[in-house]
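# Observations on chain architecture
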Amino acid sequence: MFRRGRVWLGVILVVALALRLIYALTLDPSAAYQVGNEDSGWYLEVGRQLVLGQSPAPLPTSPLYPLLLGFWQIVLPPDAAVIAVRLLQTLLSVASCYLAYRLGTLVWNERAGILAAGVLALSPVFIIEAAQITTETLYIFLLLAGLLAYVSGLRVVEAAPRPYKWFLLLSAAMLFALATLTRAVVLLFPLGLAIHLLMVYGWRRGWKRALMLLVVYALVVSVWTAHNWIKWRRVVIGAEGFAAFAFLGTSEQGWQGFEETDAALAEEVPEIAIEDYNAETQGQAFAQRASQRISSDPLGWLRLRFSNVAESYLQPHGTTYFPGESLKALAENWWQNDRTLGGLAAVITGDAFWPKLLMYGLHFGGLVLGAIGMIVALWRKRWREALPLIGFVVYTTLLHLALLALPRYIFPTEPIWWIFAAGLVTHLFSLGRNHRGNEPTRNF
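Residues numbered from 1 in each chain as written. Predicted model: local features only at pLDDT ≥ 70, side-chain atom pairs only at ≥ 80, totals over all residues. Heavy atoms only, no water.

In the structure shown here, the tally under the stated rule is five salt bridges. Between Arg408 and Asp39 there is a salt bridge, with the nearest N and O atoms lying 2.8 Å from each other. Placement of the pair is Arg408 in helix H18 (residues 407-410) and Asp39 in helix H2 (residues 38-52), with a sequence separation of 369 residues. Given a relative accessible area of 25%, Asp39 falls into the partly exposed group. The salt bridge partner of Arg382 is Glu385, with a shortest N-O separation of 3.7 Å. We note that Arg382, like Glu385, is buried. One salt-bridge network, held together by shared partners, links Asp39, Glu136, Arg183 and Arg408. (Salt bridge = Lys/Arg side-chain N within 4 Å of Asp/Glu carboxyl O. Helix = DSSP H or I, 4+ residues; strand = E, 2+ residues; numbered from the N terminus. Buried < 20%, exposed > 50% of the residue type's maximum accessible area, 1.4 Å probe, protein only.)

On to the nonpolar core, then. With 92 residues, the main nonpolar core has Leu389 and Phe420 as its most contacted residues. The element that contributes the greatest number of residues to this core is helix H7 (residues 136-155), accounting for 13 residues. Those residues in contact with Phe420 that sit more than four places away from it in its chain are Val107, Trp108, Leu369, Gly370, Gly373, Met374, Ala377, Ala386, Leu389 and Ile390. (Core = buried A, V, L, I, M, F, W, Y, C linked by side-chain atoms within 4.5 Å. Contact = heavy atoms within 4.5 Å.)

This brings us to the confidence of the model for the protein chain. Model confidence for the protein chain is summarised by a mean pLDDT of 85, while 81% of its residues fall at 70 or above. Within the protein chain, no element has a lower average pLDDT than helix H11 (residues 258-268), which sits at 62, and none a higher one than helix H4 (residues 78-107), at 97. Note that pLDDT drops below 50 for residues 274-279; the model gives that stretch 17 contacts with residues more than four away or on any other chain. (pLDDT = per-residue confidence, 0-100.)

This paragraph deals with a nonpolar patch on the surface. A cluster of nonpolar residues, Val7, Trp8, Val11, Val15, Leu19 and Leu122, forms a patch on the protein surface that exposes about 540 Å² of accessible area. Top element by residues in the nonpolar patch is helix H1 (residues 2-25). It accounts for five residues. Within the fold, Leu122 resides in helix H5 (residues 110-122). (Patch = residues over 30% accessible without salt bridge, like charges linked within 9 Å, V, L, I, M, F, W, Y side chains within 5 Å. Areas by Shrake-Rupley, 256 points an atom, 1.4 Å probe, with all protein chains shown as cover.)

Have a look at this one:
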């Protein structure tokens, strides 16, 4: 099985690379700079200014991805820089398929790892996302790499050389730090891993590992903190903007785009200048106004937050990349106003129906099967390997109960859901095969 599994893995990775290259190279690189592409245009401009030292104010986001974009813009012409970033992200996305394979193998078995890698390789949203000038592809790669290093360290036998054990732990700490410098939302997750180390090894053996993890993690993240203090005299841990997202989480309007959101915030918080995003008083004003809203109606805020997170889970990320009306809107309209075969045919023949349907199927399949798979993994006493992955899903969900949630922010949990979904599928398949093998032979 081992050799055949490696053959399947090789085929999956080659297919993943081909699909991503075909999609990425068909896109117009100059479109990334257009005003309508808010995220990509903003990241490209901020990255260029950051590398050239021309940033007019502290960066309101984590620096690693803008630095990557800025580097390629310095060494290559504009269009070639975008192509280079897309090619790099293609490789990172394929590498993420391999990391999912390794994690699935560690938590479950090789069959589960191959299935998880196959789903990520063929999933339209991962193919599309690798060509977008956004942080998701880099963030997911660093996250999965950090989890793999951490879980691999748990599986190292006691007789293994001590430097190798510490190398895996230190690698995990540095990878999670780089993930934080890509998307600051993962800032507090290593604290959960430190608690997990105490659960696995006990206080006597675990506290040194937990301390080493947190110290190395903090040292790497503090490089950006030191930069902001030296240049701007501002204390920035990971990134700024948490207060603004907490404020947006108190509004039913949520995120509407940069200009629309800035206008709404300017109307709500007139005492600050929205264009001066990094003014020291702005974060305080956002936090104060968010606190006022929450304290005035705490139950309403809780309902809003749970509703926002639920909607973000129920709406797959990536469907907006396709043209035409929303598949969900078409289906709802057919169910409420039509319910005829002709109307159903119109829905099926709508713009990008089948890719969107595949996205919905993989998304909800991953959520349902993954949730059951998490329970089965814990029931089978694989909690040492499973808890760090489950913990990231729980951490992301709880964090966005306090901050604004969007499908894009929930999307990095999708590989984790599918690692457990693949484990469940292969586990059920093995049970069924064993059951058939134990059936008595009939005599005819």
